[in-house]
Amino acid sequence: MLNIKIIAIGKIKDKWIIDGIEEYEKRLKAYCKFTIAELKEYKLPLCPSQSDIDKGIENEGNDILKEIEKDSNNIVIAMCIEGKQLSSNELAQTIENYSFKSANITFVIGGSYGLSENVKNRADFKLSVSKMTFPHQVFRMILAEQIYRAFSIMNNGKYHK
């Protein structure tokens, strides 16, 4: 069975977001093993300097890379603004194509200031969902929904119309 993991910086605090993610997590059980790893968000000073921001991104990146390496033969999809935008059908095809190469596909969501270059360089694919900016907590639910939609497409389900 395919293992899909989301690695994300920070904890979700809003119950409605948690409930939404849990709903997609429940639905995904029919298709894959789905997990989310929440990693520590590095706290920055109230008025951070660029040096503070760079250090925070680097520390979060190191934690992300450690989490990635917990799974062997891992395909990594980094969520970043400079990534390629795909339709839901194209995302389904991308997941399906990668599933032939590895049983482990990991999506990475960075913190508020983005992903470290080391994480981007480790990625097998860089994905951007939109030119718009979303709150990181809400985006985690959007990504879970799109992963579920992709599996629905791959399995000719009724969810995707």
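Residues numbered from 1 in each chain as written. Predicted model: local features only at pLDDT ≥ 70, side-chain atom pairs only at ≥ 80, totals over all residues. Heavy atoms only, no water.

Caption draft 1: Examining the environment of I36 more closely. You can see I36 is positioned in strand β2 (residues 33–39). By relative accessible area, which is 29% here, I36 ends up partly exposed. Taking the C-alpha atoms as reference, I36 lies 9.3 Å from E25; in sequence the two are 11 residues apart. Apart from the residues lying within four places of it in its own chain, the contact partners of I36 are I6, I21 and R140. (Helix = DSSP H or I, 4+ residues; strand = E, 2+ residues; numbered from the N terminus. Buried < 20%, exposed > 50% of the residue type's maximum accessible area, 1.4 Å probe, protein only. Contact = heavy atoms within 4.5 Å.)

Caption draft 2: Inspection of the packing of aromatic side chains at higher detail. Within the structure shown, the criterion is met by 5 aromatic pairs. Each ring, one from Y31 and one from Y148, has its centre 6.2 Å from the other, and the planes form 50 degrees; the classification is tilted. Here Y31 is found in the loop between α1 (15–28) and β2, whereas its partner Y148 is found in helix α5 (residues 136–154), with 117 residues between them in sequence. Y31 gets classed as partly exposed once you look at its relative accessible area, which sits at 25%. Judged by its relative accessible area of 12%, Y148 is buried. (Phe/Tyr/Trp six-rings, centres within 6.5 Å; stacked < 30°, edge-to-face > 60°.)

Caption draft 3: Representation of the sheet that holds strand β4 (residues 104–109) in the model. With parallel pairing, 5 strands are arranged side by side in an open sheet as β2-β1-β4-β3-β5. Single-partner strands in this sheet number two, and they are β2 and β5 (125–128). On average, each strand axis in the sheet is tilted by 30 degrees relative to the strand beside it, whichever way the strands run. Across 5 bridges, the pairing between strand β3 (residues 74–85) and β5 is parallel. Along β5, the bridge assignment pairs Q85 with S128. Across the sheet, α5 touches β1 (3–9), β2, β3 and β4, and the angle it forms with β1 is around 165 degrees. (Pairing = 2+ DSSP bridges. Axes fitted to C-alpha atoms, helices over the stretch in contact; angles between N-to-C directions.)

Caption draft 4: Expanded view of the side chain of K5. Structurally, the position occupied by K5 is in strand β1. A distance of 2.8 Å separates a polar atom in the side chain of K5 from a polar atom in the side chain of E67. Excluding anything up to four places from it in sequence, K5 contacts T35, E67, D71, I105, T106 and F107. (Polar contact = N/O pair within 3.5 Å; in protein donor to acceptor, adjacent residues only side chain to side chain.)

Caption draft 5: Structural detail: the packing of helix α3 (residues 88–99) against α5. In the contact formed by α3 and α5, the axes pass within 8 Å of each other and the chain directions differ by 80 degrees. Taken together, α3 and α5 sit at an angle that is classed as roughly perpendicular. Listed contacts from α5 to S88, N89, L91, A92, I95 and E96 of α3 are Q146, R149, A150, F151, I153 and M154. Among the residues forming the contact of α3 with α5, the class breakdown is 7 nonpolar, 3 polar and 2 charged. (Parallel < 35°, antiparallel > 145°, perpendicular 65-115°, else oblique. Nonpolar A, V, L, I, M, F, W, Y, C, P; charged D, E, K, R; others polar.)

Treat this as a map of the structure, not an account of what it does.
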